[in-house]
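For reference, the chains in residue letters:
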Amino acid sequence: MRVYLLVVFLCFSAHQVFGRAVELVHDLPIQAVSAAGRLFCGDVPLVNVPVKLIDKDHGDDRDDLLDEKRTDDEGKFHVTGGTYEKAMIEPALKIYHDCNDGEIRCQKRLFWDIPQKYVSTDLYKIPVFNLGSINLELGFGNEKRDCKH
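Residues numbered from 1 in each chain as written. Predicted model: local features only at pLDDT ≥ 70, side-chain atom pairs only at ≥ 80, totals over all residues. Heavy atoms only, no water.

An unreviewed UniProt entry lists the protein chain under the name Transthyretin-like family protein, with Caenorhabditis tropicalis as the source organism. Under the UniProt heading Subcellular location (unreviewed entry), the entry covering the protein chain gives this text: "Secreted". Of the comments in the UniProt record for the protein chain, the one headed Sequence similarities (unreviewed entry) reads "Belongs to the nematode transthyretin-like family." (UniProt positions renumbered as here; feature names shortened; annotations may be inferred.)

In structure tokens:
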């Protein structure tokens, strides 16, 4: 009986201390996004390539990581994630690769914004932004080097 009362007391206390913060978060709708694609270097699928789904933030606030996966044996990836935000989230993909890189230190980092129409507050109907099949031999103007992703 004492254990039961202790558990009830701890639950009540936790609700008093943390309940307000939880209620504030749940007043905001969760915003979710999903993206998929397939990556190649020429005709060869890029295997085990890190793909990050983020919500871009501004100023001193760091970007929120929504999901992170690695490409499979066929170069395919599918990331899905969400977060609570007051304003509309700004989803983007970061892809880290070494296609046509030789022995250069650090990976290339690609950054692509995901259109707002793929952001959903209905977690049962999250549209998938289909990047399609991309040959990263092409090179992109927004590629940068990242040594510590």
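Q: Now, about the overall build of the protein chain: what can you tell me, with residues and values included?
A: Broken down by element type, the protein chain carries 1 helix and 9 strands. Counting from the amino terminus, helix and strand elements in the protein chain follow one another as α-β-β-β-β-β-β-β-β-β. When contacts within the protein chain are restricted to residue pairs at least 6 apart in sequence, those whose partners lie at least 24 apart make up 67%. Surface accessibility of the protein chain: about 9,800 Å² in total, with carbon and sulfur atoms responsible for 55%. (Helix = DSSP H or I, 4+ residues; strand = E, 2+ residues; numbered from the N terminus. Contact = heavy atoms within 4.5 Å. Areas by Shrake-Rupley, 256 points an atom, 1.4 Å probe, with all protein chains shown as cover.)

Q: Tell me what's going on with the pairing of strand E1 (residues 30–41), and back it up with residues and numbers.
A: Remember that side chains alternate between the two faces of the sheet whenever the strand is regular. A large share of E1 lies buried, amounting to 10 of its 12 residues. With 7 bridges joining them, E1 and strand E8 (residues 128–135) adopt parallel strand pairing. Within E8, the position partnered with Ser 34 by the bridge is Val 128. The pairing of E1 with strand E2 (residues 44–45) spans 2 bridges and is classified as antiparallel. By the bridge assignment for E2, Phe 40 is matched with Pro 45. (Buried < 20%, exposed > 50% of the residue type's maximum accessible area, 1.4 Å probe, protein only. Pairing = 2+ DSSP bridges.)

Q: Could you give an account of the nonpolar core, naming the residues involved and the relevant values?
A: In terms of nonpolar packing, the biggest core is built from 24 residues, with Leu 39, Leu 93, Ile 95, Ile 114, Leu 131 and Leu 136 touching the most fellow members. Elements with a minimum of two residues in this core: E1, strand E3 (50–55), strand E5 (76–84), strand E6 (91–97), strand E7 (107–113) and E8. With 4 residues, the top contributor of residues to this core is E1. Residues in contact with Leu 136, not counting those within four places in the same chain, are Leu 39, Phe 40, Leu 46, Ile 95, His 97, Cys 99, Leu 110 and Trp 112. (Core = buried A, V, L, I, M, F, W, Y, C linked by side-chain atoms within 4.5 Å.)

Q: Before we move on, can you summarise the state of the cysteines with the specific residues and values?
A: Under the defined criterion, the tally for this structure stands at 1 disulfide. Residue Cys 41 pairs covalently with Cys 99 via a disulfide, S to S 2.1 Å. The disulfide joining Cys 41 to Cys 99 has a torsion of about 80 degrees about its S-S bond and is therefore right-handed. Placement of the pair is Cys 41 in strand E1 and Cys 99 in the loop between E6 and E7, with a sequence separation of 58 residues. With respect to class, Cys 41 is no different from Cys 99; both count as buried. (Disulfide = S-S within 2.5 Å.)

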